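Observations on the model geometry
Below are the chains, spelled out letter by letter.
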Amino acid sequence: MPREKFRTLTEQMFYVLLCLKEECYGMDILDKVPAMTQNRVTVGSGTLYNLLEQFLEAGMISETKVEGRKRSYILTAKGKDMLDKEYARIQAQVHDYRIIFEEEPK
Amino acid sequence: MKDTKKILTFFSFYDKTRIEHYLEEQAQNGWLLEKIHLFWRFRRIQPQNMHFSVSYFPKASSFDPAPSEQQLLFQDFCEHTGWKLAASNAQMQIFYNEKDTPIPIETDASLEIAQIHASAKKNFLPFCFLLVLAALINMGLFGLRLTYDALSVLTSNTYLLYGVCWFLVFLISFSEIIAYFKWHKKALQVAESNETFMETNAHTHIPVILSFFMLTGYAFLLISYGGKQMSLIALSTFVMILGVTTLIHVISEQMKRWNLSAKLNCAITIIITLVIGCGFTSVFIIGCIEQVAAVQSEKIPADTYEFRNHTFKVYHDELPLTLEDLTEITYDGYSYRIQKNDKSILAQQLSATQRPRMDALEQPSLEYKVTTVNLPFLYPFVKTVMLQNLADNYAFSEEEDTSWQQHKEMDPAPWNANEAYQLWIYGEAEMRFLLCYDRSIVELSFDDDWKLTEEQKEVIGRTF
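Residues numbered from 1 in each chain as written. Chains lettered and ligands numbered in written order. Predicted model: local features only at pLDDT ≥ 70, side-chain atom pairs only at ≥ 80, totals over all residues. Heavy atoms only, no water.

Another aspect to go through is the environment of B:Phe142. All names here are of chain B. Note on placement: phenylalanine 142 falls in helix α4 (residues 124-148). With 17 residues separating them in the primary sequence, phenylalanine 142 and tyrosine 159 have C-alpha atoms 7.9 Å apart. Setting aside residues up to four positions removed in sequence, phenylalanine 142 forms contacts with Val153, Tyr159, Leu160, Tyr162 and Gly163. (Helix = DSSP H or I, 4+ residues; strand = E, 2+ residues; numbered from the N terminus. Contact = heavy atoms within 4.5 Å.)

Written out as structure tokens, the structure is:
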């Protein structure tokens, strides 16, 4: 069954939104994500373009500056909320993992 | 040594995997793609290993005067990671990268499939559905003609090729649609389950083979006409269609240079296509068909005569059966004419008449049609049609009850036939017969006062 859009974020979506905590050019995200994750996560240029379009449409980010074809974006409150939910979900998974492998008490 | 080359390719719109592999092979052989249209144009480069990536930009249109700002921004993003644009055509953008292990342009399988689908819905799928619809309409028209004039269709290579071509168009376009949706469904499942992009592998050899059959059929048709004049007419039709297609393309490209918007360009192109492409082409083709028919039927008469201010032609064609074969004839003013001699790979029909001059109508006349069936399985169908035609010729309207007329079976032995029928109207036997031989069926008409003898039946049997 297809995932409901943005109900959970993929790793790429998560890190793109994270990069936009501060105002940032869209293209710079292509370098920021690998730097942030020690090259563990990369985002394709086409995927990034489409994600930014979708995040804009969903109101999760907003455009702050347009200089020719260069555009800057920043996270909105809705985007921050989505990130917080994803963070909480990941934390819950970590917690459950630790319980199962008896690293943490129940 | 040439620095550019053009190749006709047969990739399906969505078949990015095979396109990428093909372009990588071309680069290894020293050719880089630089333009896509009907032909793909390549320019010579140093042979090298390159990575290619086919991306789909749904917002692009083949009618855009220039790449939009959004499209250029997309290309800027790709260039940031080393992907350079090789060529684009409407929604399809092809990039290449000279790095050994470049970051792919698309790293989210579900998103990539969504982009491909959005692009396909813009051109590829509507075009395929339109072709299917056009094919169904034309196959329907062909089927309709087969129901009310089956023998004209079966004895005409032109009509048969028309039916076969539209059937092949239906097969090609329908199979493309099915193949696409099969891949799309499976690709979505794969992306959902393990977040990878399922490679495409469209089987384009089937459309290529079917297209080859269509062209071969057309070439066969040109040869089957047998005459230079008719072949030229048919060939000019083909060239005219190519010319009209090229003209429409040139006009559309010129509108792009004038910077007309994509919507306006699209609307004008559609109107031109309907008027020139469909309207003018149809008139031209119909004119050609009529010209072909006129050429085929045009014969130089052996003689002419005047009767009541009208000019009548006299022919001396060689007929398989004449009245002189059946009885002693003293009158020498007959016109012997082969009215029609249609042939196709399925059947042949010859229509012949022997008629006296208009000032000698008391003389006997003869009329017959000989239909020869080349494929045995068609024989029962042709026989049924000819029996039906025999009855229909004497019905005043379609709704009229035709039970007052019947085909009665008669002894075929005197005719040396397998079956024989005679037409009866209101309980009286008419001098109209249908004779069934091994491969041919003969429809024979004598004057009402003709006295048919056993010897004459034997002669007819020997003739056919």
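Below, the discussion takes up the packing of α4(B) against helix α6 (residues 157-194) of chain B. Any two packed helices are characterised by how steeply their axes cross, that is the angle between the axes, and by the distance between the axes. Residues and elements named next belong to chain B. As a packed pair, α4 and α6 sit with axes 8 Å apart at the nearest point and diverge in direction by 150°. What the angle tells us is that α4 and α6 run roughly antiparallel. Crossing hand, α4 versus α6: left-handed. Each residue belonging to the contact of α4 with α6 can be placed in one class, and the counts come to 23 nonpolar, three polar and two charged. (Axes fitted to C-alpha atoms, helices over the stretch in contact; angles between N-to-C directions. Parallel < 35°, antiparallel > 145°, perpendicular 65-115°, else oblique. Left-handed = near helix turned anticlockwise from the far one by under 90°. Nonpolar A, V, L, I, M, F, W, Y, C, P; charged D, E, K, R; others polar.)

The next subject is unusual backbone geometry. Residue and element names in this part refer to chain B. You will see that asparagine 309, though not glycine, has its phi angle at about 65°, which is positive. Of note, the phi angle at asparagine 416 is positive, near 60°, even though the residue is not glycine. Turning to its location among the elements, asparagine 416 is positioned in the loop between β12 (405-410) and β13 (419-425).

In this assembly, 23 residues from chain B lie in contact with 24 residues from chain A. Together, the buried faces of chain B and chain A total about 2,200 Å²; carbon and sulfur atoms form 53% of this surface. Three residues, B:Phe77, B:His80 and B:Leu111, lead the burial of chain B against chain A; their summed loss comes to 29% of the area buried on that side. Counting across the interface, chain B meets chain A through two salt bridges. For B:Asp76, the salt bridge identified is with A:Arg69, shortest N-O distance 2.6 Å. Connecting chain B to chain A are twelve residue pairs in polar contact (both at pLDDT 80 or more). (Buried area = accessible area lost by both parts, 1.4 Å probe. Salt bridge = Lys/Arg side-chain N within 4 Å of Asp/Glu carboxyl O. Polar contact = N/O pair within 3.5 Å; in protein donor to acceptor, adjacent residues only side chain to side chain.)

Looking now at the nonpolar core. Grouped together as the largest cluster of nonpolar side chains are 46 residues, with contacts concentrated most on B:Leu23 and B:Ile94. Sequence-distant contacts of B:Ile94, that is, excluding residues within four places in its chain, are made with B:Ile19, B:Leu23, B:Leu33, B:Ile36, B:Trp40, B:Phe52, B:Ser53, B:Val54, B:Lys84, B:Leu85, B:Ala86 and B:Ala87. With 37 residues, the next largest nonpolar core counts A:Leu30, A:Val43, A:Leu75 and B:Phe77 among its residues. (Core = buried A, V, L, I, M, F, W, Y, C linked by side-chain atoms within 4.5 Å. Buried < 20%, exposed > 50% of the residue type's maximum accessible area, 1.4 Å probe, protein only.)

The subject of this paragraph is the packing of aromatic side chains. All names here are of chain B. On inspection of all chains with the given rule, the structure shows 29 aromatic pairs over all chains. An angle of 75° between the planes, with centres 6.3 Å apart, marks the rings of tyrosine 22 and phenylalanine 42 as edge-to-face. Residue tyrosine 22 is located in helix α1 (residues 16-28), and its partner phenylalanine 42 is located in strand β3 (residues 39-44); the two are separated by 20 residues in the primary sequence. Relative to tyrosine 96, the ring of phenylalanine 52 has its centre 6.2 Å away and its plane inclined at 40°; by these criteria the two rings are tilted. Of this pair, phenylalanine 52 sits in strand β4 (residues 51-56) while tyrosine 96 is found in strand β6 (residues 92-97), placing the two residues 44 residues apart along the sequence. You'll find phenylalanine 52 and tyrosine 96 in the same group, each marked buried. Members of the aromatic cluster, joined through ring pairs, are Phe13, Tyr14, Tyr56, Phe124, Tyr180, Phe181, Trp183 and Phe197. One residue, arginine 357, lies across the ring of tyrosine 305, its end atom 4.2 Å from the ring centre. Here the basic side chain of lysine 408 rests over the ring of tryptophan 424, its NZ or CZ set 3.9 Å away from the ring centre. (Phe/Tyr/Trp six-rings, centres within 6.5 Å; stacked < 30°, edge-to-face > 60°. Lys NZ or Arg CZ within 6 Å of the ring centre and 35° of its normal.)

Moving on to the sheet that holds β4(B). Residue and element names in this part refer to chain B. Taken in spatial order, the three strands make up an open sheet running β4-β6-β5, and their pairing is antiparallel. Lying at the two open borders of the sheet, with one neighbouring strand each, are β4 and β5 (84-89). Adjacent strand axes in the sheet meet at a mean angle of 20°, parallel and antiparallel pairs treated alike. For β4 and β6, the ladder comprises six bridges, and the chain directions are antiparallel. (Pairing = 2+ DSSP bridges.)

The subject of this paragraph is the pattern of salt bridges. Residue and element names in this part refer to chain B. A full pass over the atoms with the stated rule returns 24 salt bridges over all chains. Of the charged contacts, one joins lysine 256 and glutamate 253 as a salt bridge, the two residues approaching to 3.1 Å between their closest N and O atoms. One end of the pair is lysine 256 and the other is glutamate 253, both in helix α8 (residues 228-257) and three residues apart, which spans about a single turn. Judged by its relative accessible area of 26%, glutamate 253 falls in the partly exposed class. We note a salt bridge from glutamate 430 to arginine 432, for which the minimum N-O separation is 3.4 Å. Here glutamate 430 falls in the buried class, since its relative accessible area comes to 17%.

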